[in-house]
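In case you want the letters, here they are:
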Amino acid sequence: MDLHYNYNHMKIKATFLDEISHDIPHQNWGEKEWDADFDYMKKAGIEMVVLIRSGYKRWQTFPSEVLIRNENCYEPPVNLVQLFLKLSEKYNMQFYFGLYDSGRYWVDPEFWVNGNYEREVVVNKELINEVWEKYGHYKSFSGWYLSQECSRNNGKIIEMFAQLGHHCKRVSNGLPVLISPYIDGAKNISQYTTETVRTEAVTLESHETEWNEIFAGIQGAVDIVAFQDGHVEYDELVDFLTINKHLCDKYGLDCWTNSETFDRDMPIKFLPIKWEKLRLKLELAAKAGIENAITFEFSHFMSPQSAYLQAGHLYNRYQEYIDNKTRNENGF
């Protein structure tokens, strides 16, 4: 395959919003700080924000009657879903709603063995109905995100994605559905260890076989697939991304990259990534023919007002990169 770089398209178009922050520090922002962050996002060219999860275990982002009744979730002091929808309208952005992740019902082969995906589906279907009834009238409500992340074809992931994706579409008259899986590579390491690599990793052939099966099973239920780009070595990345793009094209899915703005190469988990690494990942995605990038995630790892000082410097380097590209495109 004749691959070529397509820098004109390789900009970060979207970001996740990590409001639960179960494995990175919470920044304790209020409306003022979130408003400022949306402004920074807009200036960086971001057009879409994705709530990575509306709830995790007993924590939630808005006072959901479904989650309080069925999952005994704590009632939050602020309705972040409503705030994000309003800010999305203020800054002319699209908002995608992320579902509830129970952290216990569905199977992730690394951490859980329950495998009760039916319970995960039942709770989320109720939540989808509730959310659409409460917030579906916002013009910024543009789609859905299935929060359950996976890397392999196990744990009934096909059945869960298919049922949840189809239900999102039925309720909302066909709004698009996004997933962001990961590659089971050498850097697929738990955040609870200082290790950064492992000896076992999925092969290109196994990755292609399993995701061909998954995409065949979720066709029509999912529209956008944004694989996380941090779990494989840099010299392997373009090969995996090329497979992802080929499979998405085969099944009529829109292939994005989830270009992570945190660094998986350090024993400290997680800190903002080195700019050179982020640029390399974006350019490798362009080489694979991918045109759109989402990142996890702007507010912690790229925002000038992040708790991490390095994040603001990453923002500056990215803005310089975009400005240089724009000048080159305009012949300056």
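Conventions used here
Residues numbered from 1 in each chain as written. Predicted model: local features only at pLDDT ≥ 70, side-chain atom pairs only at ≥ 80, totals over all residues. Heavy atoms only, no water. Helix = DSSP H or I, 4+ residues; strand = E, 2+ residues; numbered from the N terminus. Buried < 20%, exposed > 50% of the residue type's maximum accessible area, 1.4 Å probe, protein only. Contact = heavy atoms within 4.5 Å. Areas by Shrake-Rupley, 256 points an atom, 1.4 Å probe, with all protein chains shown as cover. pLDDT = per-residue confidence, 0-100. Core = buried A, V, L, I, M, F, W, Y, C linked by side-chain atoms within 4.5 Å. Expected span 1.5 Å × (residues − 1). Phe/Tyr/Trp six-rings, centres within 6.5 Å; stacked < 30°, edge-to-face > 60°. Lys NZ or Arg CZ within 6 Å of the ring centre and 35° of its normal. Pairing = 2+ DSSP bridges. Axes fitted to C-alpha atoms, helices over the stretch in contact; angles between N-to-C directions.

Asks: Explanation requested: the overall build of the protein in the structure shown.
Replies: Looking only at helices and strands, one finds 10 helices and 13 strands in the protein. Buried positions account for 56% of the 332 residues belonging to the protein. Long-range contacts, defined here as pairs at least 24 residues apart, represent 78% of the contacts in the protein between residues at least 6 apart. Total accessible area computed for the protein in this model is approximately 14100 Å², and 48% of it derives from carbon and sulfur atoms.

Asks: Even after reading the chapter, I still don't get the confidence of the model for the protein, so can you show me in this structure?
Replies: Detailed reading of the predicted model is not advised wherever pLDDT is low. In this model, the protein carries an average pLDDT of 90, and 87% of its residues clear a pLDDT of 70 or more. Note on residues 1–8: pLDDT is under 50 here. Beyond four places in sequence and across chains, it has 16 contacts.

Asks: Would you explain the nonpolar core in this entry?
Replies: Grouped together as the largest cluster of nonpolar side chains are 85 residues, with contacts concentrated most on Phe38, Phe97, Trp144 and Phe215. When sequence neighbours within four positions are dropped, the list of residues in contact with phenylalanine 38 reads Leu17, Val49, Phe84, Leu87, Ser88, Tyr91 and Met93.

Asks: For this particular structure, what's the right way to read helix 4 (residues 117–135)?
Replies: Because each turn of an α-helix spans 3.6 residues, side chains separated by three or four positions in sequence point in the same direction. Look at helix 4: 26 Å from first C-alpha to last across 19 residues, which is about the 27 Å you get at 1.5 Å a residue. By the burial criterion, the buried members of helix 4 are Tyr117, Glu120, Val121, Val123, Asn124, Leu127, Ile128, Glu130, Val131 and Tyr135. On its buried side, helix 4 packs onto helix 2 (65–71), helix 3 (80–90), strand 5 (94–98), strand 6 (100–101), strand 7 (141–145) and helix 5 (157–171).

Asks: How should the packing of aromatic side chains be read in this particular structure?
Replies: Aromatic ring pairs are defined here through the distance separating the ring centres and the angle between the ring planes. All told, the structure shown has 30 aromatic pairs when counted by the stated rule. Seen in terms of ring centroids, phenylalanine 62 and phenylalanine 97 are 6.2 Å apart; in terms of plane orientation they differ by 75°. Their pairing is edge-to-face. Placement of the pair is phenylalanine 62 in the loop between strand 4 (59–60) and helix 2 and phenylalanine 97 in strand 5, with a sequence separation of 35 residues. Centre to centre, the rings of phenylalanine 262 and phenylalanine 270 are 4.8 Å apart; their planes meet at 65°, and the pair counts as edge-to-face. Each member of the aromatic cluster is reached from another via a ring pair, and the members are Phe62, Phe95, Phe97, Trp132, Tyr135, Tyr138, Phe141 and Trp144. Over the ring of tyrosine 56 we find arginine 53, and its NZ or CZ is 5.8 Å from the ring centre.

Asks: Got a minute to help me understand the sheet that holds strand 9 (residues 224–228) in this structure?
Replies: Whenever strands of a sheet pair, they do so through backbone hydrogen bonds, lying parallel or antiparallel. Within the closed barrel, the eight strands sit side by side as 1-2-5-7-8-9-10-13. Their pairing is parallel. Sheet twist, expressed as the average angle between the axes of neighbouring strands with direction ignored, equals 30°. The pairing of strand 9 with strand 10 (residues 254–258) spans five bridges and is parallel. The residue of strand 10 that forms the bridge with alanine 226 is tryptophan 256. Sitting on the sheet, helix 7 (residues 234–250) touches strand 9 and strand 10, and the angle it makes with strand 10 is about 155°.

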